[in-house]
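Inside the fold
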Amino acid sequence: MPRFDAVRIAPDGPLVNVTIAAGEIRSIEPAGTEPPETVRMLLPALVDLHTHLRDPGHTEAEDLVSGTAAAAAGGYSDVFAMANTSPPTDRVARVADLLRRAPHRTTRIHPVSAVTIDLDGRRLVDVPALAAAGVRIFSDDGRCVTDPVFVRAMLEASRDLGVVLAQHAQDPATVGPGVINARVASRAGAAPWPPAGEERIIDRDLAIAADTGGHLHICHVSTARSVELIRQAKRSGISVTCEVTPHHLVLDDEVALRAGAALKVNPPLRSADDTTALRDALIDGTIDIVATDHAPHPAATKARGWAGSAFGLTGLETALAVVAEVLRSPQSDEVDWERLVEVLSLVPARIGGIGHHAGRPVRVGEPANLCLVETGTRAPIRIDGHRSRSRNSPFDGWAARERVVCTVVDGRVVRPS
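Residues numbered from 1 in each chain as written. Predicted model: local features only at pLDDT ≥ 70, side-chain atom pairs only at ≥ 80, totals over all residues. Heavy atoms only, no water.

A look at the overall build of the protein
When helices and strands are counted, the protein shows 14 helices and 17 strands. Taken over C-alpha atoms, the radius of gyration comes to 20 Å for the protein, in line with the 22 Å a tight globule of 417 residues would show. Projected onto its principal axes, the C-alpha positions of the protein cover 65 × 50 × 45 Å. Each of the 417 residues in the protein was classed as buried or not, and the buried ones make up 59%. Considering only residue pairs separated by 6 or more positions, the protein has 72% of its internal contacts joining residues 24 or more positions apart. Within the structure as shown, the protein displays about 15,900 Å² of accessible surface, and the carbon and sulfur contribution to it stands at 50%. With 45 positive and 52 negative side-chain charges, the protein shows a spacing of 3 Å between the two charge centroids. (Helix = DSSP H or I, 4+ residues; strand = E, 2+ residues; numbered from the N terminus. Rg over C-alpha atoms; globule rule 2.2 N^0.38 Å. Buried < 20%, exposed > 50% of the residue type's maximum accessible area, 1.4 Å probe, protein only. Contact = heavy atoms within 4.5 Å. Areas by Shrake-Rupley, 256 points an atom, 1.4 Å probe, with all protein chains shown as cover. Lys, Arg positive; Asp, Glu negative; His and termini not counted. Charge placed at Lys NZ, Arg CZ, Asp CG, Glu CD.)

So this is what it looks like as structure tokens:
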């Protein structure tokens, strides 16, 4: 029976002892002890709406066991597995296979379905059958759904079936072979990726969402203009949510220019002004959630220069520390834990349709899906100790002031300290 002594469940709250039994929180009692030097926060476990587990097809980078271990190490009870595997998750049988092979007694996996069969952009999947099989999120992530006919069909299905279209906003006609933000491309000697390639798709899809009443979710927003389009759409009552990655919140194109293709990511890291706009939008609520876009790759595939290297960075094991830093007040030096829980747990669980068991408050009678965080120290992140099979993290050596020490899923400790 797990028990957590002398923890806080609110930043300014008292120290309490929390007891878990039969998969739920059974009691929360005063601790009656002096405050420890290191503060421990007991939070709802995290939920990632955007994880690449690479299984099947690319298990040299990640598999279901290593991916869920990485998620548990990062404080996640639930991850949504993107469909761009080989073969892709584009039919009911493949959803069932993924769920059958998912490791038990650890982080839960929720399959995301492709929007188009084989991710080919030409044939729509059987949305009603997949929704009946429990799929909540549909996305061709890694590729944009460029055909507005399919966008409309998915948003109409969203309205009628309660599912979500998660769009990878990338106009291929605008982006072409781009690999780095256009502003610094000539200095990198690499093909430019104009911000308009993202913004044009967002603008188009917001108009379709307004017309259909469906739920549009925009993946990995990266530009100030994208943020402003979404802000105006929300003010107009359009049903739109969006996400930002941890790396887009704290890294910019100048960092990418210095680091080289190790920081090649899709969409690319943008200007410092864009990064500031993303942070501001996360704080003011325009951006709904932080999603990792955990994209593991073997080292060799990230060492082929700007043109040849794979897109993507890992994120599951570093997200909480990065987001905590973004949400730290420069005046008080305190983390906005309430907002952190919203963007990493409560709201992604709600968007993903799992709010009945995940992203729940820490109180008696609630499911015991929890994340214990030690805060107030400063220690460098060491990716050599990560559970992921891949090491393509931009945060090796990054001084973190928060770290996950324990994750609980369904009342079971899955990541002991």
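Let's talk about unusual backbone geometry
Note on backbone geometry: most residues besides glycine have negative phi, and most peptide bonds are trans. Look at the link from Asp 55 to Pro 56: it is a cis peptide, with omega at 15 degrees. With respect to the helices, strands and loops of the structure, Pro 56 is situated in the loop between β5 (46-51) and α1 (64-73). In this chain, Ser 86 is followed by Pro 87 through a cis amide linkage whose omega measures 5 degrees. In this fold, Pro 87 is placed in the loop between β6 (76-81) and α2 (92-101). Of note, the phi angle at Arg 54 is positive, near 65 degrees, even though the residue is not glycine. Following the sequence through the fold, Arg 54 ends up in the loop between β5 and α1.

A word on the sheet that holds β5
Ordered in space as β5-β6-β7, the three strands form an open sheet in which the pairing is parallel. The sheet is open, and its two edges are formed by β5 and β7 (108-111), each paired on a single side. Each adjacent strand pair in this sheet contributes to an overall mean axis angle of 20 degrees, direction not counted. Pairing of β5 with β6 involves four bridges; the strand directions are parallel. Residue pairing across strands places Thr 51 opposite Ala 81, the latter belonging to β6. Across the face of the sheet, α2 comes into contact with β6 and β7 while running at roughly 175 degrees to β7. Across the sheet, helix α14 (residues 337-351) touches β5 and β6, and the angle it forms with β5 is around 55 degrees. (Pairing = 2+ DSSP bridges. Axes fitted to C-alpha atoms, helices over the stretch in contact; angles between N-to-C directions.)

Points about the pattern of salt bridges
This structure, assessed with the given rule, holds 30 salt bridges. In this structure, Arg 231 engages Glu 228 in a salt bridge whose closest nitrogen and oxygen atoms are separated by 2.8 Å. Here Glu 228 and Arg 231 lie together in helix α8 (residues 224-235), a separation of three residues that amounts to about one turn. Owing to a relative accessible area of 17%, Arg 231 belongs among the buried residues under this scheme. If you follow the salt bridges from partner to partner, you end up with Glu 325, Arg 328, Asp 333, Arg 401 and Glu 402 in one network. (Salt bridge = Lys/Arg side-chain N within 4 Å of Asp/Glu carboxyl O.)

Focus on the pairing of strand β15 (residues 370-380)
Two elements, strand β4 (residues 39-44) and β15, share six bridges in a ladder whose sense is antiparallel. In the sheet register, Pro 44 faces β15, and the bridge partner there is Leu 370.

What to know about the environment of Pro 380
Structurally, Pro 380 is set in strand β15. Residues Pro 380 and Asp 396, spaced 16 residues apart in sequence, show a C-alpha to C-alpha distance of 7.5 Å.

Observations concerning the pairing of β6
Across the six residues that make up β6, a large majority, six, are buried. Of the crossover connections in this fold, the one passing from β5 over α1 to the parallel β6 is right-handed. The sheet contact formed by β6 and β7 spans four bridges and is parallel. Bridge pairing in β7 places Phe 80 opposite His 110. (Right-handed = clockwise from strand over helix to strand, strands pointing away.)

Things to note about the packing of aromatic side chains
What the rule picks out here adds up to two aromatic pairs. Residues Trp 193 and Phe 311 carry aromatic rings whose centres are separated by 5.9 Å and whose planes lie at 80 degrees to one another, so their mutual orientation is edge-to-face. One end of the pair, Trp 193, is in strand β11 (residues 192-193); the other, Phe 311, is in the loop between α12 (305-308) and α13 (319-326), with 118 residues separating them in the sequence. By relative accessible area, Phe 311 is classed as partly exposed at 29%. Aromatic pair Phe 395 and Trp 398: ring centres 5.5 Å apart, planes at 65 degrees, arrangement edge-to-face. Assessed through its relative accessible area of 23%, Trp 398 is described here as partly exposed. The residue whose ring lies beneath Lys 264 is Phe 311, and the NZ or CZ to ring-centre distance is 4.4 Å. (Phe/Tyr/Trp six-rings, centres within 6.5 Å; stacked < 30°, edge-to-face > 60°. Lys NZ or Arg CZ within 6 Å of the ring centre and 35° of its normal.)

Things to note about the sheet that holds strand β17 (residues 412-415)
Ordered by their spatial adjacency, four strands build an open sheet running β4-β15-β16-β17, and the pairing between neighbours is antiparallel. Every other strand in the sheet has two partners, leaving β4 and β17 as the edge strands with one partner each. Taking the axes of each pair of neighbouring strands and ignoring which way they run, one obtains an average angle of 35 degrees across the sheet. In this sheet, β17 lies alongside strand β16 (residues 399-409) in antiparallel orientation, the contact comprising three bridges.

Re the packing of α13 against α14
Between α13 and α14, the shortest axis-to-axis distance is 10 Å and the interhelical angle comes to 140 degrees. Taken together, the axis directions place α13 and α14 in an arrangement best described as oblique. Where α13 crosses over α14, the two elements pack in a sense that is right-handed. Only Leu 340, Val 343 and Leu 344 of α14 make contact with α13, whose side of the interface consists of Leu 320, Val 323 and Ala 324. For the contact of α13 with α14, the class distribution of residues is six nonpolar, no polar and no charged. (Parallel < 35°, antiparallel > 145°, perpendicular 65-115°, else oblique. Left-handed = near helix turned anticlockwise from the far one by under 90°. Nonpolar A, V, L, I, M, F, W, Y, C, P; charged D, E, K, R; others polar.)

By themselves, these are just geometric observations and shouldn't be taken as functional.
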